[in-house]
Every structure is written in C-alpha cells, then in structure tokens.
Amino acid sequence: MAIEGLKNLLVGFTKDDARPSCAAAYAISLARQAGAHLTIQGLSARIVVAAVVATEFAQGLVADDNQRRLALAEAATDAARQDAAAQGVPCTSEAIQLPLTDAASALGRRARLHDLTIMDGPEDLLSFPRAMVEEVLFTSGRPAIILPRGAESFQPGHVMVAWDGSAAAARAVNEAMPFLRAAEEVSLVAVAEAKKEAMIPGSEIAPHLARHGVNATVVDLQPGTRDVATALREQALNRRTSLIVMGAFVHSWWREVTLGGVTEAFLEKPPAPLFLAH
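Computed from a predicted model, the values in this text were never measured in an experiment. Starting from 1, residues in each chain are numbered consecutively following that chain's sequence as written. It should be noted that, the model being predicted, local features are given only for residues of pLDDT at least 70 and side-chain atom pairs only at 80 or more, the latter also being counted only at that level, while totals for whole chains, interfaces and linings use all residues. Hydrogen atoms and water are omitted, and side-chain values are computed over all heavy atoms in the structure.

K.L.:
Can you walk me through the overall build of the chain in this structure?
P.N.:
Per the convention used, a helix needs a DSSP run of H or I reaching at least four residues, while a strand needs a run of E reaching at least two, with both numbered from the N terminus. Helix and strand content of the chain: 9 helices and 10 strands. Looking at the 278 residues of the chain, the share that counts as buried comes to 50%. Residue burial considers only the protein chains on display, and all accessible areas are found by Shrake-Rupley using a 1.4 Å probe. Approximately 13,200 Å² of the chain is accessible, and the part contributed by carbon and sulfur atoms is 53%. Think of it in three bands: with a 1.4 Å probe and only protein chains considered, a residue is buried below 20% of the maximum accessible area for its type, exposed above 50%, and partly exposed in between.

Written out as structure tokens, the structure reads:
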C-alpha cells in the first residue's frame, strides 16, 4: 500500500566521520513510495580554533581539514540529488558547514518546515550525529526516523508501536498514522516495568487506531527480569520489524541532561528504523 499523507521530507546526514550513511538512500526510497518532495541537506561541523592558542601552521591544518570535510559533504549531497532524480523523486539539496551547534540548529530549523526528517542513528553520545538527532527531536516539533546501519530502503512490512500510555507515545502514534495505514501488519506492544504493579494495556489505544482503519494486534508483555528496552528489542527482532513507533522521552526538563532509558537504549543500537516523536 502506498504511503499517503507525507508530502515534504527532509534528510540530514554528515560525512564528517568514516561511517557510511544510509539516510539518503532510505529517504529517497520513502519519498518515491509516498510521492513526496525531498530536501537533501548534507552537513559538516566546522572546527574553529582561536588564533591566540594556535600557530599559523596549525590554523592552516584546521582550515584544510574543514575544506576537505565540506567537499565530502558537497559530493555526497550531489550524489544523493542525482540518485533522487534518477528515481523520479523531486528534490532540492544543499551542503553547509557551520560550527557544530550552529549546524545542528540549522537542521532543527529546517525540520520545522517538513513532515518528517530522516537521519542516521548516532553511535556516540557526544558526536555530531547525536547533536543533529537531538535538535530535530526536541526543537523542531516534527517527528523523525532514526536509522540503524544498513537500512537503505523503506519497507511497509511489520510496524511495532511501543505503547506506554504517555503523551509522547500518543503523539508518536498519531504522527505515524501514514505508516500504520500502509503497514502489512501492526502490533501494539506494552511492557510493564518490573517494579510497577499496573500495566498500560495496548488495548486502550487499539479502538482509536481501528477508527483510522488500522487493525492492530495487541501484545501485553508481563513483567519479568528483563528491562523494558530488552523486551521491546526482542519483540522487534523476533517479528522482523520494519519500523518501530515510539515516543522520545526525557528524564529531565533539561534535555541536555539525559534521555529516557528506552529512548537512549534504542538510539545507541536501533533494532529497526525508529519513528520518534516528542
């Protein structure tokens, strides 16, 4: 089934590290199936060294490295634009280089103008890709898809909703409705935390989905020795899940302090593409 309701997609990626990016390929695949416009943004974090602490030679080395990484971003952005055009996906593209926080903020601002942003999963807590993900999730007001390594094409197979009854989870479900409608199979998975007596049953959101034309299988997992992230990961892997829908949760009012346990665990090692909303 075609993806309906997505008209304007953004993909943000960086070539500042050696890790291969699959974000552009996945975004092109999704845009083609949705009949959506795609904005391709290649970003590079400019290294800035104060003249008072660096020799002229050192500043020259930094400038050369900045130019090298910008050239990589420009080449990757142009290649993605050509791939999109070859597959009939209308797109615009740009490569930019700014200081790290400014570059991440630029992506967050651009994300506000799109239905959805696609990015590679960050593998390092203090990395530039991590800053990009946090800016989009917590400053754009828009959802994002975060990809594991190797996820180069969108597949509307099994979609798993991680349901905990929270406002973030409710927002994620509604934002993900185009994917839920297009999925071959949808499961609502609720996991009780070991120290909590009451469960948040997935059946409470099922009637809402049914009225939107989404028939979901409810899976309420009983408390056990596993933590919530491990139980959800096992479900995703066992069902060969193509997309996990979940709310992005923070422990603190200050998002810089720490992300919620399940969100953090899944960002570090996504078992499947993550559809996140906050």
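K.L.:
What exactly am I supposed to notice about the packing of aromatic side chains here?
P.N.:
For any pair of aromatic rings, the description consists of the separation of the ring centres together with the inter-plane angle of the planes. Under the pairing criterion, centres of Phe, Tyr and Trp rings, with the six-membered ring standing for Trp, must be within 6.5 Å; the plane angle then separates stacked pairs below 30 degrees from edge-to-face pairs above 60, leaving the rest tilted. One pass over the structure, following the stated rule, counts 3 aromatic pairs. Pairing F154 with F179 gives two aromatic rings, centres 5.6 Å apart and planes at 70°, and the pair type is edge-to-face. Remark: F179 occurs in helix α6 (residues 177-182) and F154 occurs in the loop between β5 (144-147) and β6 (158-162); sequence separation between them is 25 residues. According to the relative accessible area criterion, F179 is buried, its value standing at 2%. Here the aromatic cluster, defined as three or more aromatic residues joined through ring pairs, consists of Y26, F154, F179 and F275.

K.L.:
Is there a simple way to think about helix α8 (residues 228-238) in this case?
P.N.:
One full turn of an α-helix is made of 3.6 residues, so residues set three or four places apart face in the same direction. Listed in full, the buried residues belonging to α8 are V228, A229, A231, L232, Q235 and A236. Looking down the long axis of α8, one finds its buried residues gathered within 165° of arc, a one-sided arrangement. Structural note: α8 exposes L237 and N238 on the side pointing more than 90 degrees away from its buried face. Positioned one or two residues after α8, R240 has a phi angle of 50°, which is positive. What the arc covers is the set of directions going from the helix axis to the C-beta atoms.

K.L.:
Help me understand the confidence of the model for the chain, please; the structure alone is not making it clear to me.
P.N.:
Detailed reading of predicted coordinates is not advised where the pLDDT is low. pLDDT is a per-residue confidence score from the predictor, ranging from 0 to 100. Mean pLDDT over the chain stands at 87; residues scoring 70 or higher make up 88%. Pairs of residues are marked as contacts when any of their non-hydrogen atoms sit within 4.5 Å. Here residues 251-259 scores under 50 on pLDDT; set against residues more than four positions off or in separate chains, the count is 19 contacts.

K.L.:
Any chance you could explain the sheet that holds strand β9 (residues 243-247) here in plain terms?
P.N.:
Sheet strands pair via backbone hydrogen bonds, and the direction of the pair is either parallel or antiparallel. Pairing between strands is defined by DSSP: at least two bridges between the two strands are required. Ordered by their spatial adjacency, 10 strands build an open sheet running β3-β2-β1-β4-β5-β10-β9-β6-β7-β8, and the pairing between neighbours is mixed. The strands lining the two open edges of the sheet, one partner per strand, are β3 (91-99) and β8 (216-221). When the angles between neighbouring strand axes are averaged without regard to direction, this sheet yields 20°. Across 3 bridges, β5 lies against strand β10 (residues 274-277) in antiparallel orientation. Looking across to β10, one finds that A144 is bridged to L276. Lines fitted to C-alpha atoms define the axes here, with helix axes fitted over just the stretch in contact, and angles between the N-to-C directions of these axes take values from 0 to 180 degrees. Along the sheet, α8 contacts β6, β7 (185-191), β8 and β9; its crossing angle with β7, the most-contacted strand, is approximately 160°.

K.L.:
What's the story with the pattern of salt bridges in this structure? I'm lost.
P.N.:
Two side chains with opposite charge may pair up if their charged atoms get near one another. For this document, the term salt bridge refers to a Lys or Arg side-chain nitrogen within 4 Å of an Asp or Glu carboxyl oxygen. Under the counting rule described, the total for this entry stands at 8 salt bridges. Across the salt bridge formed by D78 and R81, the nearest N and O atoms sit 2.5 Å from each other. One end of the pair is D78 and the other is R81, both in helix α2 (residues 56-86) and 3 residues apart, which spans about a single turn. The partner of E175 in a salt bridge is R171, with the nearest N and O atoms 3.5 Å apart. Of this pair, E175 and R171 both sit in helix α5 (residues 167-175), 4 residues apart, which is roughly one turn of the helix. The partly exposed category is assigned to R171, whose relative accessible area is 34%. If you follow the salt bridges from partner to partner, you end up with D16, D65, R68 and R69 in one network.

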